[in-house]
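So the chains spell out like this:
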Amino acid sequence: MIRNILGSVVALAGAASAVLSPFRDWYGGRAGHDYRVRDLFEGITPAESGVLVSILLPFLAAALLVVLGVMLRSRLVVALAGLVVLGFTILWMVRQGQAAGSLVVGGDGAGLQVGVVNALAGGVLMLIGALLMSGGRSRRERRAAREREPVEPFAVPAADQVDTWPPTQEPGMSVQTSPWPEPEVEPYTGPDPRDARTRSYPQAAPHPEDDPRDPVHPPHRPPPPPQG
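Residues numbered from 1 in each chain as written. Predicted model: local features only at pLDDT ≥ 70, side-chain atom pairs only at ≥ 80, totals over all residues. Heavy atoms only, no water.

Engineer: Explain the overall build of the chain to me, please; I cannot follow it from the model alone.
Structural biologist: Counting secondary structure elements, the chain contains six helices and two strands. Ordered by position in the sequence, the α and β elements of the chain form the string α-β-β-α-α-α-α-α. For the chain, the proportion of its 228 residues judged to be buried stands at 30%. Considering only contacts within the chain whose residues lie at least 6 apart along the sequence, 61% involve residues at least 24 apart. Counting every atom, the chain has about 16,200 Å² of accessible surface; 62% of that belongs to carbon and sulfur. (Helix = DSSP H or I, 4+ residues; strand = E, 2+ residues; numbered from the N terminus. Buried < 20%, exposed > 50% of the residue type's maximum accessible area, 1.4 Å probe, protein only. Contact = heavy atoms within 4.5 Å. Areas by Shrake-Rupley, 256 points an atom, 1.4 Å probe, with all protein chains shown as cover.)

The following block contains the structure:
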């Protein structure tokens, strides 16, 4: 996390330096935005250039790549932006050297100036930011991390919530797995009269179905007649 933040800050600082560089002097008092993009491929000319068709255009594209790479945490995108800035700057240096016969660094404004330094520094900072970023994990790494995570068993439910699904088979009021009620066990009805060992034991009450009385609602005496 800290590496991503630090790398993002460095890469964004490099993008800012690259975008600002065309507005400063590059060579012989000529600003960077005075050089057309086509001059980098066809040769440097003294013709003036519009800002949007100047060397500023690839630098803006590189800055957008840096922002996209920071949002996606992609080291590859950030590094690509740094290579774009360095590539166009070096290509300009080659064309300017061909046009002027040689490249000189002079303090009197006759040679390479601070705009070129800003462009080169911006590209280097983008590459350093890409190296500092840890990057996002790939889909395979995320899947492997999920597989390594321990699977926690079902927690034991509370005493008043034992009938939850899936069943835990823990001691409680009920561990049944069927939604239907369990069959009730027939109550004890006394000794077996056919067994000689228990024949003399007292017999239990008759079965409920043999008892004419209602075992749930016993008979009540009829109410007394009203007093006339």
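Engineer: How do you make sense of the pattern of salt bridges when you look at a structure like this?
Structural biologist: Applying the stated rule across the entire model yields two salt bridges. For the salt bridge of Asp39 with Arg36, the shortest nitrogen-to-oxygen distance reads 2.9 Å. In this structure, Glu42 engages Arg38 in a salt bridge whose closest nitrogen and oxygen atoms are separated by 3.2 Å. Its relative accessible area of 56% is what places Glu42 among the exposed residues. (Salt bridge = Lys/Arg side-chain N within 4 Å of Asp/Glu carboxyl O.)

Engineer: Looking at this structure, how should I read a nonpolar patch on the surface?
Structural biologist: A surface patch of nonpolar side chains, about 490 Å² in accessible area, is lined by Leu12, Val67, Leu68, Met71 and Leu72. If you tally residues by element for the nonpolar patch, the top one is helix α3 (residues 56-72), at four residues. (Patch = residues over 30% accessible without salt bridge, like charges linked within 9 Å, V, L, I, M, F, W, Y side chains within 5 Å.)

Engineer: Can you help me understand the environment of Tyr27 in this one?
Structural biologist: Of note, Tyr27 is situated in strand β1 (residues 25-27). Take Tyr27: its relative accessible area is 11%, and that puts it in the buried class. Separated by 88 residues in sequence, Tyr27 and Gly115 place their C-alpha atoms 8.3 Å apart. Residues within four places of Tyr27 in sequence aside, it is in contact with Tyr35, Trp92, Gln96, Ala100, Ser102, Leu103, Val104, Ala110, Gly111, Leu112 and Gln113.

Engineer: How do you make sense of helix α5 (residues 114-132) when you look at a structure like this?
Structural biologist: One turn of the α-helix equals 3.6 residues, which is why residues spaced by three or four share an orientation. With 19 residues, α5 extends 26 Å between its outermost C-alpha atoms, agreeing within 8% with the 27 Å of an ideal straight helix rising 1.5 Å per residue. Of the residues making up α5, those classed as buried are Gly115, Val116, Asn118, Ala119, Gly122, Gly123, Met126, Gly129 and Ala130. In this fold, the buried residues of α5 make contact with α1 (2-20), β1, α3 and α4 (75-100). (Expected span 1.5 Å × (residues − 1).)

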